[in-house]
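Structural overview
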Amino acid sequence: MGVGLAAAIGATPALAHAKRSPVRPEDEKFMRLAIDEAAKGDFPFGAVIVHDGKVFSTGRNLGVTNNDPTAHGEMVAIRRFVADNPAKDLKGATLYTSGEPCPMCMGAIVWCGMGRVVFAASIEQLAKRLGQIMITSRAVAEAAPFLTVEITGGVLAPEALALFDKK
Ligand SMILES: [Zn+2]
């Protein structure tokens, strides 16, 4: 599970700045938390930030609630993290998100220096449910020469996508 779906981010070997990373044993546990957040969002997207095996912040889409179209789950989780923790601690953190980060969120993840991103549904899969900017998280990471981001895709993707059927 997850291995075949990881192909969603591309079957070519990892490039310098977007390293394809295998699914780790803890990934499903944290992704399930992100999906729980997503279930409560204005749109079904949720994220958690994990550092040293511990959840430091969570976020869900609050675009309508906050009257802020930039309040994607990842952005909310990052803002909550830095409200309580030094931003430099994001460098060793992993962000789990129910949907592949859009270019805005992936840009933020890069600026935060986060080392790893794990997503469930890919942008390609999400685009079948609602409008997406068709630039992958991998493409954004590859365009950043100063950082390497490990990316794992497809963890619990069917569960993340099923949330769209409940809305
Ligand atoms: Zn986003």
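Residues numbered from 1 in each chain as written. Predicted model: local features only at pLDDT ≥ 70, side-chain atom pairs only at ≥ 80, totals over all residues.

Another aspect to go through is the overall build of the chain. Looking only at helices and strands, the chain has 6 helices and 6 strands in total. Helices and strands appear in the chain in the N-to-C order β-α-β-β-α-β-α-β-α-α-β-α. Counting only residues that meet the buried cut, the chain has 47% of its 167 residues in that class. The contacts of the chain with a sequence gap of at least 6 include a subset with a gap of at least 24, amounting to 62%. (Helix = DSSP H or I, 4+ residues; strand = E, 2+ residues; numbered from the N terminus. Buried ≥ 20, exposed ≤ 12 C-beta atoms within 10 Å, placed from the backbone. Contact = placed C-beta atoms within 7 Å.)

Where burial is concerned, most of strand β5 (residues 116-121) is hidden: 6 out of the 6 residues are buried. After leaving strand β4 (residues 94-99), the chain enters helix α3 (residues 103-111) and then returns to the sheet as β5, a path that is right-handed. Alignment of β5 against strand β6 (residues 149-152), held across 3 bridges, turns out to be parallel. Note that in β6 the partner of Val118 across the bridge is Thr152. (Right-handed = clockwise from strand over helix to strand, strands pointing away. Pairing = 2+ DSSP bridges.)

If you trace the 6 strands from one edge of the open sheet to the other, you get β1-β6-β5-β4-β2-β3, paired in mixed fashion. Two strands in the sheet have a free side with no partner beyond their single neighbour: β1 (18-20) and β3 (54-60). Neighbour-to-neighbour, the strand axes of the sheet open up by a mean angle of 20°, direction not taken into account. For β4 and β5, the ladder comprises 5 bridges, and the chain directions are parallel. Paired with Tyr96 across the bridge in β5 is Val118. Contacting β2 (46-51), β3, β4, β5 and β6, helix α1 (residues 27-39) runs over the sheet at an angle of about 140° to β2. Those strands touched by helix α6 (residues 157-166) are β4 and β5, and its axis lies near 55° from that of β5. (Axes fitted to C-alpha atoms, helices over the stretch in contact; angles between N-to-C directions.)

With that settled, consider unusual backbone geometry. Located in the positive-phi region is Asp52, a residue other than glycine, with phi close to 50°. Note on placement: Asp52 falls in the loop between β2 and β3. Overall, Asp52 belongs to the exposed group, with 9 C-beta atoms counted inside 10 Å. Phi at Asn67 takes a positive value of approximately 50°, unusual for a residue other than glycine. By the secondary structure assignment, Asn67 is in the loop between β3 and α2 (73-84). Exposure remark for Asn67: the 8 C-beta atoms within 10 Å place this residue in the exposed category.

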